[in-house]
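Commentary on secondary and tertiary structure
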Amino acid sequence: MTGAEPEEDIPLGERKTVTDFCYLLDKSKQLFNGLRDLPQYGHKQWQSYFGRTFDVYTKLWKFQQQHRQVLDSRYGLKRWQIGEVASKIGQLYYHYYLRTSETSYLNEAFSFYSAIRQRSYYFQVNKEDRPELVVKKLRYYARYIVVCLLLNKMDLVKVLVKELSEEIEDYTQRFNTEDQLEWNLVLQEVAAFVEADPVVVLNDNSSVVVTNNRLQEGSVPPLEQGMVVGQLVLADALIIGNCNNQVKFSELTIDMFRMLQALEREPVNLATQPSKQQGALEPSGLVKKQVTSSICDLPTQPALFSSASFKELPANSALLVYLSATGVFPTGNSDYEGPYDFGGVLTNTNRDVVNGETLQKKSQAQKEMHCLHPGDLFPFTRKPLFVIVDSSNSSAYKHFTNLFGQPLVCLLSPTVYPKSVQDQCQRGSLFTLFLYSPLLAFSSVCGLSSVQRGLWERAQEFLSKVYQDIGQMITRSRTIDQAFLQFFGDEFLRLLLIRFVFCSAALRLHKLFRESQSFPESYPELPKQDTVESGLLQKHVLQLAAMLDVQSLFWDAPLEAY
């Protein structure tokens with residue numbers, strides 16, 4: 001009660017309204033705080049808890065809407081408190097998205113965050129002499145920006161960054177706080193993230209076009225009629241990032257951000273789904289199953305995440321593990337070269353790193369303990385496993401042994417890049433960029449900084465036909481390892497394999513890429529003549545180069561053989 005009048009003078013019904021509101025508010029905070037204690041890996045442990053939390057917040061949100069007048073006069077409900085409830089709901093949707101990759105819940109998070117700004121719930125905070133309330137407002141802005149980045153709302157991101165910058169300046173001037181550097185770093189990280197794409201698409205008026213790289217209807221080449229491929233479905237993806245020199249915002253490096261989007265479908269607004277009840281916050285099923293992605297950027301967690309994903313993998317399903325990390329190289333010589341003798345990728349951020357490689361003493365006999373070796377993944381090959389390694393020591397993962405006879409494929413990045421490409425590594429790896437957006441990567445490696453929209457759309461349409469041809473090369477090859485075909489029935493994995501083949505073919509023809517270490521590799525090996533060195537595919541690469549007027553950067557000798 002506000003204390004404006006004796007409690008006995010307040011009607012019983014209104015007193016009960018305030019009591020019920022306080023109960024729901026306390027219960028919601030208790031449940032929300034409990035989310036921090038839930039493991040980030042696995043799904044069964046947290047889904048029921050999330051359901052209870054959504055249920056309480058649904059009741060709380062409806063309750064404050066229905067009884068706003070009583071709560072204003074008897075409880076003294078402030079607008080920033082309503083904003084806090086809305087912000088918590090936005091966080092719930094965002095974290096549900098992080099655990100499931102159900103991109104529709106990003107739209108729900110956005111709708112709540114957007115309402116907070118439109119209704120100025122936090123406006124009065126700046127007038128109160130309470131720095132902790134201003135920090136709530138700053139954190140809300142940071143979370144809103146993350147959601148907008150994931151939804152590719154870049155114009156709004158720029159507006160929000162400007163507003164956040166002004167809020168930070170006002171906050172630090174008024175309260176003389178010690179966290180000014182931290183908040184300025186947040187601004188710098190967002191700015192770097194927004195500018196990370198090496199190539200921009202421009203309208204006729206030179207305004208930037210935001211391109212989308214999530215899976216959309218019709219974006220995956222269909223299988224030929226009668227073609228028999230495996231029925232495996234990608235059910236879970238573990239995305240691990242540990243690149244010290246990469247642009248990073250929140251828990252995502254730019255490589256992790258791109259791979260996350262490559263494994264998601266274009267969001268559908270849940271508000272348009274007929275099965276959703278008005279005002280309900282409880283997550284509901286979608287028409288098409290998403291790949292469940294887990295994000296791991298902490299040193300001690302890859303094994304925990306992998307074990308949980310492996311344990312819960314349904315029948316006829318595959319697990320994808322994506323590694324984007326600094327290379328760890330072997331020290332000394334070994335008489336027996338086993339799965340722990342080739343090095344791997346770094347899992348500890350607190351190591352000395354120079355030019356993307358870990359510093360180790362030559363005299364050191366012991367192996368690097370903070371390293372994810374190929375052998376560390378062997379236990380997970382008991383079920384279908386699809387591995388992508390983007391690292392300066394990705395070649396370590398060529399030395400896989402398929403111990404259990406289950407489908408196993410590893411796509412491995414180049415380990416050496418030309419200097420012009422290496423200089424751009426802070427903005428993300430070229431290999432991951434090809435898997436995320438082949439045209440963006442192709443334009444980048446050709447030195448283009450912008451492409452006109454009309455040309456971009458024509459090139460994308462041309463690439464769609466190229467993808468169909470690559471798909472046929474893979475399925476019609478008589479010498480290809482059956483593991484590739486086992487994964488080819490899944491739309492996400494099919495597209496990744498096709499983009500991998502295109503990347504390999506393009507780099508083989510590019511004049512700057514002359515060393516064998518500059519080409520992607522795979523385990524098992526692809527039949528080169530049928531795929532990455534196919535005359536037809538080489539012709540397509542040169543045709544695309546001609547469209548973009550960069551054909552002088554490519555060798556055309558292979559065409560003579562064709």
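A look at the pattern of salt bridges
Under the defined criterion, the tally for this structure stands at 18 salt bridges. Of the charged contacts in the structure, one is a salt bridge between lysine 162 and glutamate 166, with a shortest N-O distance of 2.8 Å. Of the two residues, lysine 162 and glutamate 166 both sit in helix H7 (residues 154–175), four residues apart, roughly one turn of that helix. Under the relative-accessibility criterion, glutamate 166 is labelled partly exposed at 44%. For arginine 214, the salt bridge goes to glutamate 264, with nearest N and O atoms at 2.7 Å.

A closer look at the nonpolar core
Ranked by size, the top nonpolar core spans 153 residues in total, and within it Leu320, Ile388 and Phe442 carry the most contacts. The contact partners of leucine 320, leaving out residues within four places of it in the chain, are Leu234, Asp236, Ala237, Leu238, Leu263, Phe386, Ile388, Leu493 and Leu496. Val387, Tyr397, Phe400 and Tyr523 belong to the second largest nonpolar core, which has 24 residues in total.

Things to note about the packing of helix H4 (residues 79–100) against helix H5 (residues 104–118)
One can describe the packing of H4 onto H5 by two numbers: an axis separation of 8 Å at closest approach and a directional angle of 160 degrees. On the basis of the axis angle, H4 is roughly antiparallel to H5. As H4 packs across H5, the resulting crossing turns out to be left-handed. Contacts between H4 and H5 involve Gly83, Ala86, Ser87, Ile89, Gly90, Gln91, Tyr93, Tyr94, Tyr96 and Tyr97 from the former and Tyr105, Leu106, Glu108, Ala109, Phe112, Tyr113 and Ile116 from the latter.

A look at the environment of glutamate 14
Counting through the fold element by element, glutamate 14 comes out in helix H1 (residues 12–34). Assessed through its relative accessible area of 24%, glutamate 14 is described here as partly exposed. Spatially, the C-alpha atom of glutamate 14 lies 9.7 Å from that of tyrosine 75, the residues being 61 residues apart in sequence. Those residues in contact with glutamate 14 that sit more than four places away from it in its chain are Val70 and Arg74.

Topic: H5
Taking 1.5 Å of rise per residue, the 15 residues of H5 would be expected to cover 21 Å, and the 21 Å separating its terminal C-alpha atoms lies within 8% of that figure. Here H5 lies mainly inside the structure; twelve of its 15 residues are buried. Residue serine 120 follows H5 closely and has a positive phi angle near 55 degrees.

Topic: unusual backbone geometry
Note the cis peptide between tyrosine 523 and proline 524, where omega equals -5 degrees. In this fold, proline 524 is placed in the loop between strand S16 (521–523) and helix H17 (535–547). Backbone geometry places asparagine 152, a non-glycine residue, at a positive phi of 60 degrees. By the element assignment, asparagine 152 lies in the loop between helix H6 (131–150) and H7. In this model, serine 206 sits at a positive phi of 70 degrees, which is unusual for a non-glycine residue. With respect to the element layout, serine 206 can be found in the loop between strand S1 (200–202) and strand S2 (208–209).

Description of the pairing of strand S13 (residues 385–390)
Of all the six residues making up S13, six are buried; the element is thus mostly covered by neighbouring parts of the structure. Neither face of S13 is open: one carries Leu385, Val387 and Val389, the other Phe386, Ile388 and Asp390, and all of them are buried.

Describing the side chain of serine 534
Within the secondary structure, serine 534 is located in the loop between S16 and H17. For serine 534, a relative accessible area of 8% gives the class buried. Not counting chain neighbours up to four residues away, the residues in contact with serine 534 comprise Met473, Lys528 and Gln529.

Criteria and cut-off values
- Residues numbered from 1 in each chain as written.
- Predicted model: local features only at pLDDT ≥ 70, side-chain atom pairs only at ≥ 80, totals over all residues.
- Heavy atoms only, no water.
- Salt bridge = Lys/Arg side-chain N within 4 Å of Asp/Glu carboxyl O.
- Helix = DSSP H or I, 4+ residues; strand = E, 2+ residues; numbered from the N terminus.
- Buried < 20%, exposed > 50% of the residue type's maximum accessible area, 1.4 Å probe, protein only.
- Core = buried A, V, L, I, M, F, W, Y, C linked by side-chain atoms within 4.5 Å.
- Contact = heavy atoms within 4.5 Å.
- Axes fitted to C-alpha atoms, helices over the stretch in contact; angles between N-to-C directions.
- Parallel < 35°, antiparallel > 145°, perpendicular 65-115°, else oblique.
- Left-handed = near helix turned anticlockwise from the far one by under 90°.
- Expected span 1.5 Å × (residues − 1).

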